[in-house]
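Single-letter residue listing:
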Amino acid sequence: MQKRLCLLLVLLSLSHALWAQVRVSGTVTGRTDGKPIPGVTILEVGTNNGTTTDINGGFALTSPPNATLRFSFVGMKPYDLNVKGLTSPVSVSLEEDPAQLSEVVVTGYKEERRRDLTGAVAVVNLKQTLQESNANILSSLQGRVPGVVIQSDGTPGGSGTAIRIRGFSTIGANGPLFVIDGVPTTYSGALNPNDIESIQVLKDAAAASIYGSRASNGVIVVTTKRASSPEPKITFDTFYGVQTLRNRIEMLNANEWGQVYWQAQRNSGLTPSHPQYGNGAQPVIPPFIDAENTIPASNTDWLGAVFKPSQIQSYNLGLSMGGTKGKLYTGLNYVRDNGIQQYTNYNRLTLRLNSDYTVKNRLTIGENLQVARFGEVKANVTHDAIFQHPLIPLYDNAGNFGGPTDGLGDKLNPLGILSRNRDNQSRNWRILGNVYAQLNLMKGLNLRTSYGVDYNNGYARNFEPRFKEGRFNIVENFLTTAYSEGLVGTWSNTLNFQKTVGEAHNIGFLAGVEAIQSQSESFSARRKNFLVQDYDYAYLGAGTDLQAADGGGSRYSLLSQFGKLDYSYREKYLFSATIRRDGSSRFGANNKYGVFPAFSAGWRISDESFLKDNRYVSDLKLRASWGRTGNQEIGDFTTLNFYRTSGEFGNYDLGGGNTSAVPGYYTVQIGNNNLRWESNTQTNIGLDASLFNGKLSLTADYFDKRTDGMLINPTLLAVYGQGAPPFINAGQMRNRGFEALVTYRGNVRDFSYSVDLNASTYRNQVLSLGEGNEFFLGAEANRIVPGQPLSVFYGWVADGLFRTQSDVDAHATQPGKAPGRIRYKDLNGDGTINDQDRTYIGNPHPKLLAGMNLSAQYKGFDVSVFASGTFGNDVYNTFRKLTDFAYFPFNFGRQTLNAWTPENPGASVPAVNINNPNDELRASSYFVENGSFVNLKSLVLGYTLPAPVTKRLNIDRLRLYVQGQNLFIITNYQGMDPEVGARGPLDLGVDTQLYPHSRAINFGLNLAF
């Protein structure tokens, strides 16, 4: 009876709860404009019960009578509504989030509202990048910012990274200027990603011209963190990962090498023989490869021996606290990357201290300081590991590294090279920071002064021991010690005025002066014959023979005045004008100063009457700009003649009898006192759109950039005699392109997501190289020619292989032609293959660059997928000169097993041959490949503990995550890696086997107190 009574009470309670549900309905509008808002998420707090508004902003939801409903929408402040006692329909108005509408970004010497920008400024989404494992923040930006190309290899620590903004602008220096907390620098490798608050990329001249002479290649403005809460905040972020070689190239084993070499000799009309494999009908692997029988024959996988799984780890501690009178942020970071090539590594320890203090509510004084110490053991034996002969063992019977003997080439043991270099670590210090004071003279008028320093020093001690490897017996050892030091001081003074007149006019004015002075010094010394072969003993004083030393120094200065005027009318019509005048010691007396103006305008179309009441368009702005920037990145004394003295080149036989030598000087540099600024003029047209109440946003830009008076170092005729040729102003270059970024953000109840897609394209063309310069030669097939893209590939057109003798007989005169050989096109139709048949055979510039970032969050879980791609560029694959041919005594690629033979006439690889009768290593399209690729750069899965759990643990936030980096790459490129690394204007697109990229699995933790 008692059980039945309890069951009845439970049923009555449930029925009461069901009958107590209430239905809430109504409309959600924006508080500012009163428009209905579709897509608003309405969720009963503490449950999964929820709904979203329809296209008219309407909603209906059933909930308990005392429930709280939370209304949330992108760009709006969340709103909580208690339904107790409510009568439907209800009207809910959401307030715009000022933090988003008035987001402030740092551009040139000042802060600006993002929505008021009229230049092409990209704001990097650091929330995405900092959810991942990053030792070098710049490497993680690849594919995230349209128009910005990050070229990198796999060097530990990311030191082999180069940045290009909107393509190449000149034949000389193409790297951007970095401005870190107001301090200009060209180096960012010591930055700790966890210290960064924001990154802005100034891409067009209107945005960058305030930096004048150093801004022709764009500017990257980095602002580091400051305290934002009066309560002490502690963060700890760490990750640990394992890296492996991402891609490898397949080579022959020892037995296969012998078979291919035997075939190559038969194809060359020879009877097969080899000092190691014998002279029989088939190659035979011997037990030993030396006469003394101390080096056993092997079947070595050199790539497997050199590349190994390695560890990467990072630990970061952050502390911030402060109130209205003072703020302090401190960050400490340690990174170690062991590198996937044995005995290579990188480590960095970074300390940051940012503070500011306010006195009497008018004066603010502060400092930003970064101190970094980093060391690295650098080496790259990728080329040697690929092509070393497999018959050579890792070690001989005495435990020494195995080396080449007769018939096995002349490459040293790759693992031996790495091992002997293992202690040769370079050590560097980098101090970057400034002290500043800002005085509020009156409302809207501020005076600021700042002195910044960029200090670096580097020390390296490189010991080369005695060793014996195969037939190589190095009996002398050497030590080289080098030291360098540099200091750049920057003193900036600015006056900033901001005022609103009435309700319609906003006026801003900036005026400033800046002085920069740089000086550097370096020296090196070398000595040989150290009795003890121990790195701890190897100092210059311990050597017994040969002392040599060298050294030098340099300095330059820059004096600048600049100003900027900003005006807006009702935030609808925007105008900005900038001018900067720079004087540089690098130019002659008549050309020291350059003036760099810029103008930009914006029209907020969405505020016009014909769009003001449109429910779909939240913001629509059209931008246009024109401006000029400069480039002074040449040597510090290029206007002067330089002379040196030495016994080898500076002695003169004044008596004329060949019996005496009088010490004198010789020319090392020819100066040019007429050298002037290189200038870059750029026009930009852009569009910013925000649709559906901020859910969908679009930024698009078209740019046309032209460089005049390029600073180049031409090739001089021998009649000029000694001395490096002078820099001259010659030539023009043009870049035109388009870039776009589309972002969509949405949420459904507890599920939120975002999609970011970006794409950019540019077309590069060298317009001229100055009078008398028809072309400049670059590396391999590269050539710089007017009318063509920079560093275009030039050579013969390979037209497949001669399949049969009839193909050979029907073709033009081509020395060495035969069945199985490469056929070259007779482009001029004269019946002979010669230099006149060369043409442009490839373009290293991509037709399209793209990136995609997908992210989603559900309750405590988060996932993000980031991929980037490059399309339409060509790569000159120098690998194939050794992998596809048997002309050298090194290893060959596995494709030679399927080379042309009479029984295999359809092959794509020429018949193997040891004599190269057809000159097939010439620059030709045979080595040009499509370098397009898509790389899954990052896949992250994370989980954040719920707030009730972390509260019980007395912490604010705890997130755990796992990340895969470079998990796979899709490409048709046959080389080791289509990302050929940081290349300059003279070797763009050439694969020279740089340190390859790695694949990594990282485990990380983000903790906040």
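All chains use their own residue numbering, which begins from 1 and follows the written sequence. Owing to the predicted nature of the model, reporting of local features is limited to residues with pLDDT of at least 70; listing and counting of side-chain atom pairs is limited to 80 or more, with chain, interface and lining totals taken over all residues. Side-chain descriptors were evaluated using all non-hydrogen atoms of the structure, hydrogens and water having been removed beforehand.

Student: Would you explain the overall build of the chain in this entry?
Tutor: A run of H or I in DSSP becomes a helix once it reaches four residues, and a run of E becomes a strand once it reaches two; helices and strands are each numbered from the N terminus. Within the chain, the regular secondary structure consists of 12 helices and 56 strands. For a compact globule of 1009 residues, the expected C-alpha radius of gyration is about 30 Å, and the chain comes in at 34 Å, within 12% of that figure. Referenced to the eigenvectors of the C-alpha coordinate spread, the extents of the chain come out at roughly 105 × 90 × 65 Å. The buried label applies to any residue whose accessible area, calculated with a 1.4 Å probe on protein chains only, is under 20% of its type's maximum; exposed applies above 50%, and partly exposed to all values in between. For the chain, with 1009 residues in total, the buried portion stands at 50%. In this analysis, two residues are considered to be in contact whenever any of their non-hydrogen atoms come within 4.5 Å of each other. When contacts within the chain are restricted to residue pairs at least 6 apart in sequence, those whose partners lie at least 24 apart make up 69%. Asp and Glu are treated as the negative residues and Lys and Arg as the positive ones, with His and the ends of the chain left uncounted. A charge is said to be at NZ when it belongs to Lys, at CZ for Arg, at CG for Asp and at CD for Glu. Between the averaged position of the 93 positive side-chain charges in the chain and that of its 86 negative side-chain charges there is a distance of 8 Å. Only C-alpha atoms enter the radius of gyration, while the globule expectation follows 2.2 Å times N to the 0.38, with N the number of residues.

Student: Sorry, what's going on with a nonpolar patch on the surface here?
Tutor: A surface patch of nonpolar side chains, about 560 Å² in accessible area, is lined by I234, L317, L319, L332, L349, L351 and F1009. Elements with a minimum of two residues in the nonpolar patch: β18 (310-322) and β20 (345-359). By the element assignment, L349 lies in strand β20. You can call L349 partly exposed: its relative accessible area is 43%. Only residues whose relative accessible area exceeds 30% and that form no salt bridge are eligible for patches; like-charged ones are grouped when within 9 Å, while nonpolar side chains (Val, Leu, Ile, Met, Phe, Trp, Tyr) are grouped when within 5 Å. Each accessible area is a Shrake-Rupley result for a 1.4 Å probe, and residues are judged covered by the shown protein chains and nothing else. Each salt bridge in this description consists of a side-chain nitrogen of Lys or Arg and a carboxyl oxygen of Asp or Glu lying within 4 Å of one another.

Student: Would you explain the sheet that holds strand β6 (residues 79-82) in this entry?
Tutor: Strand pairing in a sheet relies on backbone hydrogen bonds, with the paired strands running either antiparallel or parallel. At least two DSSP bridges between two strands are required for those strands to pair. One open sheet accounts for 4 strands, arranged β3-β2-β5-β6; its pairing is antiparallel. Whereas interior strands pair on both sides, the edge strands pair on one side only; in this sheet they are β3 (50-52) and β6. Strand after strand, the sheet turns through a mean of 20° between neighbouring axes, direction not considered. One ladder, built from 4 bridges, connects strand β2 (residues 41-44) with strand β5 (residues 68-72); its direction is antiparallel. Across the sheet, residue L43 finds its bridge partner in β5, namely R70. Helix axes are fitted only over the stretch in contact, all axes being lines through C-alpha atoms; the angle between N-to-C directions runs from 0 to 180 degrees.

Student: I would appreciate a short explanation of the packing of aromatic side chains in the present structure.
Tutor: Between two aromatic rings, the relevant description is the distance of the centres plus the angle of the planes. Each Phe, Tyr or Trp ring (for Trp, its six-membered ring) is paired with any other whose centre lies within 6.5 Å, and the angle between the two planes then decides the class: stacked below 30 degrees, edge-to-face above 60, tilted in between. Here the structure, examined in full by the defined rule, presents 30 aromatic pairs. Look at F596 and W677: their rings are 5.7 Å apart centre to centre, the planes differ by 80°, and that puts the pair in the edge-to-face class. Of this pair, F596 sits in strand β30 (residues 593-604) while W677 sits in the loop between β35 (666-669) and β36 (678-691), placing them 81 residues apart in sequence. Neither residue differs from the other here; F596 and W677 are each classed as buried. Aromatic side chains F599 and W626 sit 6.4 Å apart centroid to centroid with 20° between the ring planes, which places their arrangement in the stacked category. You can see F599 sitting in strand β30 and its partner W626 sitting in strand β31 (residues 617-631), a full 27 residues away along the chain. Joined through ring pairs, the aromatic side chains of F793, Y876, F885, Y887, Y926 and F927 make up one cluster.

Student: What should I look at first to understand the sheet that holds strand β7 (residues 90-94) in this one?
Tutor: Spatial strand order, β4-β1-β7: 3 strands in an open sheet with mixed pairing. Edge strands, defined here as strands with exactly one partner in the open sheet, are β4 (58-63) and β7. Direction aside, the axes of adjacent strands within the sheet are offset by 35° on average. Bridging between strand β1 (residues 22-30) and β4 involves 6 bridges; their strand directions are antiparallel. Paired with S25 across the two strands is A60, which belongs to β4.

Student: Quick question: what am I supposed to make of the side chain of N782 here?
Tutor: Here N782 shows up in strand β43 (residues 782-784). Look at N782 and you get buried, because its relative accessible area is 3%. Any N or O atom pair separated by 3.5 Å or less is treated as a polar contact, with the protein-specific requirement of one donor-capable and one acceptor-capable atom, and with residues adjacent in sequence counted only for side-chain atom pairs. Engagement of the side chain of N782 in a polar contact is seen with the side chain of S791, the distance being 2.8 Å. In this view, N782 contacts L777, S791, V792, F793, L986, D987, L988 and V990; residues no more than four positions away in its chain are not counted.

Student: Quick question: what am I supposed to make of the pattern of salt bridges here?
Tutor: Pairing is possible between side chains that carry opposite charge, provided their charged atoms lie close to one another. Taken as a whole and assessed by the stated rule, the structure comprises 42 salt bridges. Of the charged contacts, one joins K203 and E739 as a salt bridge, the two residues approaching to 2.8 Å between their closest N and O atoms. Highlighted residues: K203 in the loop between β15 (196-202) and α4 (205-208) and E739 in strand β40 (residues 732-748), separated in sequence by 536 residues. Exposure remark for K203: the relative accessible area of 7% places this residue in the buried category. For K528, the salt bridge goes to E476, with nearest N and O atoms at 3.0 Å. Taken together, the residues span a long stretch of sequence, with K528 in strand β27 (residues 505-530) and E476 in the loop between β25 (472-474) and β26 (478-501) at a distance of 52 residues. Bridged by salt links that share partners, the residues R113, R115, D116 and E571 form one connected network.

Student: Sorry if this is basic, but what is going on with the environment of E376 here?
Tutor: Looking at the element boundaries, E376 is found in strand β21 (residues 363-377). In this structure, the C-alpha to C-alpha distance between E376 and N338, residues 38 residues apart in sequence, is 9.4 Å. Excluding anything up to four places from it in sequence, E376 contacts P156, S159, N345, Y346, N424, Q425 and S426.

Student: Just to check I follow, could you spell out unusual backbone geometry for this structure?
Tutor: Only a minority of non-glycine residues have a phi that is not negative, and only a minority of peptide bonds are not trans. For the bond running from S88 to P89, omega is 0°, close enough to zero to count as cis. Here P89 is to be found in the loop between β6 and β7. In the Ramachandran plot, N293 falls in the positive-phi region, its phi being about 55° despite a non-glycine side chain. Of note, N293 is situated in the loop between α5 (254-267) and α6 (302-306). We classify N293 as partly exposed; its relative accessible area is 44%.

Student: Even after reading the chapter, I still don't get the nonpolar core, so can you show me in this structure?
Tutor: In a soluble, globular protein the nonpolar side chains are often hidden away together inside. With 40 residues, the main nonpolar core has F793, Y876 and F892 as its most contacted residues. Contributions of two or more residues to this core are made by α5 and β46 (822-824). If one sorts the elements of this core by residue count, α5 sits on top with 6 residues. Where each domain begins and ends follows an automated or database-derived domain assignment. Summarising the domain contributions, this core has at least three residues from each of domain 2 (345-376 + 422-654 + 676-796) and domain 3 (803-834). Each nonpolar core is a collection of buried residues, namely Ala, Val, Leu, Ile, Met, Phe, Trp, Tyr and Cys, held together in the definition by side-chain atoms within 4.5 Å.

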